[in-house]
Amino acid sequence: MPAWLEDAVFYEIYPQSFYDSNADGIGDIKGITQKLDYILSLGCNAVWLNPCFDSPFQDAGYDVRDYRKVAPRYGTNEDLYELFEKAHEKGIRVLLDLVPGHTSEEHEWFRRSSMQEKNEFTNRYVWTDFCFSGMDGYRYVAGESQRSGTYLVNFFKCQPALNYGFGRIDQPWQLPPEHPDCRASVAAIKEICRFWLDHGCDGFRVDMAGSLVKNDDDAKTATSRIYHEIRKMFDRDYPAAALVAEWSEPELSIPAGFHCDFLLNDPRTPYSTLVRDYGNHAGYAVYGGSGFNGDGKPMPPLEDHSFFKKDAGGDVRPFIDYYLRTMKTIGDRGYISMITGNHDTVRLSYSLDKKEQELFYAFLFTMPGVPFLYYGDEIGMRYLNLPTREGGYFRTGARTPMQWESGKNLGFSDADPGELYLPEDGAEDAPTVESQENDENSMLSVTRRLIALRHADKDLHAQANLEILHAVIKDPLLVCCRGKTILAFNTSGAERAYNLKNAAAFAMLDAIGGAFTRKDELILPPQSFAALKEE
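Residues numbered from 1 in each chain as written. Predicted model: local features only at pLDDT ≥ 70, side-chain atom pairs only at ≥ 80, totals over all residues. Heavy atoms only, no water.

Asker: Whenever I open this one, the sheet that holds strand β18 (residues 516-518) confuses me. Can you help?
Answerer: Remark on secondary structure: sheet strands pair via backbone hydrogen bonds, oriented parallel or antiparallel. Here three strands make up an open sheet; going across it, the order is β16-β19-β18 and the pairing antiparallel. Single-partner strands in this sheet number two, and they are β16 (496-499) and β18. Each strand axis lies, on average, 30 degrees off the axis of its neighbour in the sheet, ignoring direction. Bridging between β16 and strand β19 (residues 521-524) involves four bridges; their strand directions are antiparallel. In the sheet register, asparagine 499 faces β19, and the bridge partner there is glutamate 521. (Pairing = 2+ DSSP bridges. Helix = DSSP H or I, 4+ residues; strand = E, 2+ residues; numbered from the N terminus. Axes fitted to C-alpha atoms, helices over the stretch in contact; angles between N-to-C directions.)

Structural data, given as C-alpha cells:
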C-alpha cells in the first residue's frame, strides 16, 4: 500500500478545460504545470488527469488511438514528463487515466484486427465469426470491416472492446480468459502501465475497471485475476504507485488489487442519496430531457430528497449502513473514494446552494477514504445546459472551462471566445478564483480550510476509524467520531443540539454556520458543521 495515500486529497483535472497556455482555446499540459501552485494552495497533494492520449476525440479522449502518445492538442510527451517532474518537486503525485476496456476504432490494433487475413491482432478485440451474427446482451457493430464478423463495443460505435475473454462460454467465437490471445491483451496493458510509470507517472485511475472479462460471474472472478496480476507488478516494481478503480464496488475491487475505488453517483445507490437524489426518481431518462440536453432551458422541477439539501426529507442512514459495511469488508486493504463530482456527473451546483455544497464538502473531506475534488467545484462552478461536444451529451455542461478571473474568457484562454473548447459561464455573477481568493467566507476559502483540517488532524486521514454516534432514519442530524475527533452535521433549517459527555473537554477545531458548545451540549445552528477534538 503506498503510504502517501493515507493523507492524499486528489484534484481531478479535465485537461481540455483547465488552462490554455497557447491561446488555441483548448487547455493543455503546460497550462496544468503553470497552475500547480494553485492546486497546492487548495491542499491537494495529488492530481488525476482525464485521458490526455492521442485520440480522434469521439468520446473526449476515452477513445484512445495511441496509449503512448500525448494528444497534440495538449502538447507533447515531454510536456507530460515535465509536469511529473515539476509536480514531484512540489510534493504532488500525478495519476493518468488508463482505459483498458476499449480503444478507438482508429487504433492500429483495431485496424489490424479488422483485416481478413489472420494476424497477431485478430483476436485482440471481441468478434463474432460471421458478418450477420449478433451478440445477445451486448452492443455490437456490423458491416464496417473487411473480415466477416461483428465486433463488440463498450459504449459508442467508435469504442471496440478489447478481448480479455469470457467467463462463461456461450458461443464458438468466445475465448476463455486464459487463451493466449486474451493473455496478450493483459500483457499489452501492463506494458502501457510500465511505459508511463517509468517516465514518472504515479499510478492510474482505471476506467470501467470491473468490465474487462465478459460473462464474468457476480464476484468478477476472472476480471479480478487480471488485476491481481497487475497489482503484483506494481508491488514488485512500482510500490509507490497507486491503482484507483472506477468500479464503484469496493467490496470487489479492493480484494482484486486496487488501492482505492470511487463511489459513483449511479441512480439507486446509497451514495446518490447524499447530494444528487433527483436521479433516483426518474432514472437515466432525466439526463436526456429538458435542462440537460442543450436546449438552453433552465433546470426542470425535480423531486430531490438529498440528505445535504436543506429540509428535503433526506435520509443518511442507507449510506452510513453501506459505508460501514463496506469498510468492514475491505479492512486495511484499501480505501473508499468519494467525489465532489467528476467529468461524467452533473455539478453539485445544479441542485445545491452554496451552504449545502459546503456542508457536503465538510462531510467528504472528514470521512475515511481518499477524497477527490473535481476542478471548479471549489468555487461552485455551475452546470451549464449545453449542446453535446465530443460525445459528452448531458455531461458536457460539467466540463466547461475553469473560471480563473474576471475579463476575457474568465482567465481560461486568450483565444477568441468562439474558439474555446466549450463556452464559459456568461452570467455576471459567474464564480471565479479571483473573486473568492481573499474572501474568508467564500466557497474557495471554506474548501481550503476543510482540506487543511483533514491534513492537520491525523484522526481525519484515510484510515477506517469511523464510529457513528447519531444517525437516525429521516433525521437531519449526523454525529460521528474518528479517533478523538467528533464531527457533527446539521442539514436542516432549524437549530439542533447534541449532548457531549463534557463539553469543556472538547476544543473546537473548525465550524461552518456558527456551531458552538454550551455546558455539556454542542449547539448546531441551521445548516452547520462542527469538528471538535477531545482534549
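Asker: What am I meant to see in the sheet that holds strand β17 (residues 506-512) here?
Answerer: Strand order in the open sheet made by the five strands is β13-β14-β15-β20-β17, with antiparallel pairing throughout. The open sheet has two edge strands with one neighbour each: β13 (466-471) and β17. Between one strand and the next, the sheet's axes are offset by a mean angle of 20 degrees, whatever the strand orientation. Pairing geometry for strand β15 (residues 485-490) and strand β20 (residues 528-534), over six bridges, is antiparallel. Along β20, the bridge assignment pairs phenylalanine 489 with phenylalanine 529. Across the face of the sheet, helix α12 (residues 443-456) comes into contact with β14 (477-482), β17 and β20 while running at roughly 150 degrees to β17. (Contact = heavy atoms within 4.5 Å.)

Asker: Would you explain the packing of aromatic side chains in this entry?
Answerer: Between two aromatic rings, the relevant description is the distance of the centres plus the angle of the planes. Applying the stated criterion to the full structure yields 46 aromatic pairs. Geometrically, the ring pair formed by phenylalanine 319 and tyrosine 323 is stacked, given 5.0 Å between the ring centres and 25 degrees between the ring planes. Taken as a pair, phenylalanine 319 and tyrosine 323 lie in helix α9 (residues 317-330) at a separation of four residues, close to a single helical turn. Just as phenylalanine 319 is buried, tyrosine 323 falls in that class too. Aromatic rings pair up to connect Tyr271, Phe307, Phe308, Phe319, Tyr323, Phe360, Phe363, Phe489 and Phe529 into one cluster. Cation over ring: lysine 35 sits above tryptophan 404, and NZ or CZ is 4.0 Å from the ring centre. One Lys or Arg, arginine 73, reaches over the ring of phenylalanine 57 and ends 3.5 Å from the middle of that ring. (Phe/Tyr/Trp six-rings, centres within 6.5 Å; stacked < 30°, edge-to-face > 60°. Buried < 20%, exposed > 50% of the residue type's maximum accessible area, 1.4 Å probe, protein only. Lys NZ or Arg CZ within 6 Å of the ring centre and 35° of its normal.)

Asker: I tried to follow the nonpolar core on my own but got confused; where do I start?
Answerer: Among soluble globular proteins, nonpolar side chains are generally buried collectively. Counting 145 residues, the largest nonpolar core has Tyr11 and Trp196 as the members making the most contacts within it. In terms of residue count, the dominant contributor to this core is helix α5 (residues 180-198) (eight residues). Among all residues touching tryptophan 196, those that are not within four sequence positions of it are Phe53, Tyr67, Arg68, Lys69, Val70, Asn77, Leu80, Tyr81, Phe84, Leu96, Cys201 and Phe204. Grouped together as the second largest cluster of nonpolar side chains are 14 residues, Leu477, Val479, Phe506 and Leu532 included. (Core = buried A, V, L, I, M, F, W, Y, C linked by side-chain atoms within 4.5 Å.)

Asker: Got a minute to help me understand unusual backbone geometry in this structure?
Answerer: The phi angle of most residues is negative, glycine excepted, and most peptide bonds adopt the trans form. Backbone geometry places arginine 268, a non-glycine residue, at a positive phi of 75 degrees. Following the sequence through the fold, arginine 268 ends up in the loop between β10 (260-262) and α8 (272-275).

The values reported here are purely geometric and, on their own, carry no functional implication.
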